[in-house]
Amino acid sequence: EIINEALISSPPALISHLESLSTYDNVPRKEKAFRNFASNSLRLRGGNSASIVESIWNHLNSIRQEKIKEKKVKEEAQEDTKKDNAICISIPTKPKANTTGKDTKKAVIKAVKKALKKAPTGKLKMKDLRKLVSEKLEAKGQKIDKKDFKVVIEGETEIILEGKVVSIKQ
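Residues numbered from 1 in each chain as written. Predicted model: local features only at pLDDT ≥ 70, side-chain atom pairs only at ≥ 80, totals over all residues. Heavy atoms only, no water.

Asker: Residue-level account of the packing of aromatic side chains, with values.
Answerer: This structure, assessed with the given rule, holds two aromatic pairs. Here Y24 and F37 contribute two aromatic rings whose centre-to-centre distance is 5.4 Å and whose plane-to-plane angle is 80°, an arrangement assigned as edge-to-face. Of this pair, Y24 sits in the loop between α2 (15-22) and α3 (31-41) while F37 sits in helix α3, and the two are 13 residues apart along the sequence. On the accessibility criterion, F37 (16% relative accessible area) is buried. For the pair F34 and W57, a centre-to-centre distance of 5.3 Å together with 45° between the ring planes defines the contact as tilted. Pair noted here: F34 is in helix α3 and W57 is in helix α4 (residues 49-89), with a separation of 23 residues, a long-range link. Its relative accessible area of 1% is what places F34 among the buried residues. On the basis of relative accessible area, W57 is assigned to the buried category, the value being 6%. (Phe/Tyr/Trp six-rings, centres within 6.5 Å; stacked < 30°, edge-to-face > 60°. Helix = DSSP H or I, 4+ residues; strand = E, 2+ residues; numbered from the N terminus. Buried < 20%, exposed > 50% of the residue type's maximum accessible area, 1.4 Å probe, protein only.)

Pasting the structure below:
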């Protein structure tokens with residue numbers, strides 16, 4: 001890709017060499033490997049060959065550096081737009097409920113029980129259960145932290161916590 005772009009802006013003396021290199025799929029990106037590859041594949045031997053290979057490398061390297069700079073500029077622009085979008089998105093439309101409120105605790109317990117009943121074995125890992133419950137709560141405009149979630153689970157008598165696995169008492 002870089003070689004094809006280099007053909008457009010290359011000096012006339014390098015065009016034939018770059019055309020030959022563009023036919024190869026496995027052109028190295030590191031300097032030493034590229035020099036060996038170019039001198040062997042282009043059959044450049046003798047006194048002038050080192051300067052030709054060096055000029056090819058310098059030309060390709062300058063184009064590669066330009067592409068890297070362009071890519072960084074694009075990424076920075078995308079990050080700026082993402083930050084602007086994130087600021088707009090992060091403004092809540094509904095007020096979030098207090099995570100220690102009774103309503104939230106009840107909603108968590110209810111969602112946990114439903115999720116565990118839907119599970120084929122009646123058991124779920126804490127992480128998976130927390131994700132499921134968090135999704136349900138966020139849909140209702142509520143939120144709960146990891147620590148608060150664990151406290152609610154441990155405080156409930158109908159829910160059993162065995163290491164990282166949560167199940168319902170039967």
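Asker: Report on the pattern of salt bridges, specifying residues and quantitative values.
Answerer: Counted by the stated rule, this structure contains two salt bridges. Between K113 and E158 there is a salt bridge, and its shortest N-O distance comes to 2.7 Å. With a gap of 45 residues between them, K113 in helix α5 (residues 102-118) and E158 in the loop between α7 (146-155) and β2 (159-162) connect regions that are remote in the sequence. Exposure remark for E158: the relative accessible area of 42% places this residue in the partly exposed category. (Salt bridge = Lys/Arg side-chain N within 4 Å of Asp/Glu carboxyl O.)

Asker: Describe in detail the environment of S39, supporting the description with residues and values.
Answerer: Among the structural elements, S39 can be located in helix α3. Accessibility expressed as a relative area gives 18% for S39, which makes it buried. Remark: the alpha-carbon pair of S39 and I52, spanning 13 residues in sequence, is separated by 9.0 Å. Excluding its chain neighbours within four sequence positions, the residues that come into contact with S39 are L44, R45 and V53. (Contact = heavy atoms within 4.5 Å.)

Asker: Residues and numbers for α3, please.
Answerer: Buried residues of α3: F34, F37, A38, S39 and S41, and no others. Just downstream of α3 lies R43, where phi reads positive at about 55°.

Asker: How would you explain the sheet that holds strand β3 (residues 165-168) if you had to name every residue and give the values?
Answerer: A sheet is described by the order of its strands in space; here three strands give the open sequence β1-β3-β2, paired in antiparallel fashion. Each end of this open sheet is capped by a strand with a single partner; those strands are β1 (123-125) and β2. Neighbouring strand axes in the sheet, compared pairwise and without regard to direction, differ in orientation by 25° on average. Of the pairings in the sheet, the one linking β1 to β3 comprises three bridges and is antiparallel in character. Across the sheet, residue K123 finds its bridge partner in β3, namely S167. Running at roughly 90° to β3, α5 makes contact with β1, β2 and β3 of the sheet. (Pairing = 2+ DSSP bridges. Axes fitted to C-alpha atoms, helices over the stretch in contact; angles between N-to-C directions.)

Asker: Account for helix α1 (residues 2-9), naming residues and giving values.
Answerer: Along α1, the residues that are buried comprise I2, I3 and A6. Angularly, the buried residues of α1 cover 95° about the axis, an arc narrow enough to put them on a single face. (Arc of directions from axis to C-beta.)

Asker: How would you summarise the packing of α5 against helix α6 (residues 126-140) if you had to cite specific residues and measurements?
Answerer: Following both chains from N to C, one finds α5 and α6 inclined at 125°, their axes separated by 9 Å at the closest point. When the interaxial angle is binned, α5 and α6 end up oblique. For the crossing formed where α5 meets α6, the hand is right-handed. Touching A107, V108, A111, V112, K114, A115 and L116 of α5 are L129, L132, V133, K136 and L137, all from α6. Of the residues contributing to the contact of α5 with α6, the split by class is ten nonpolar, no polar and two charged. (Parallel < 35°, antiparallel > 145°, perpendicular 65-115°, else oblique. Left-handed = near helix turned anticlockwise from the far one by under 90°. Nonpolar A, V, L, I, M, F, W, Y, C, P; charged D, E, K, R; others polar.)

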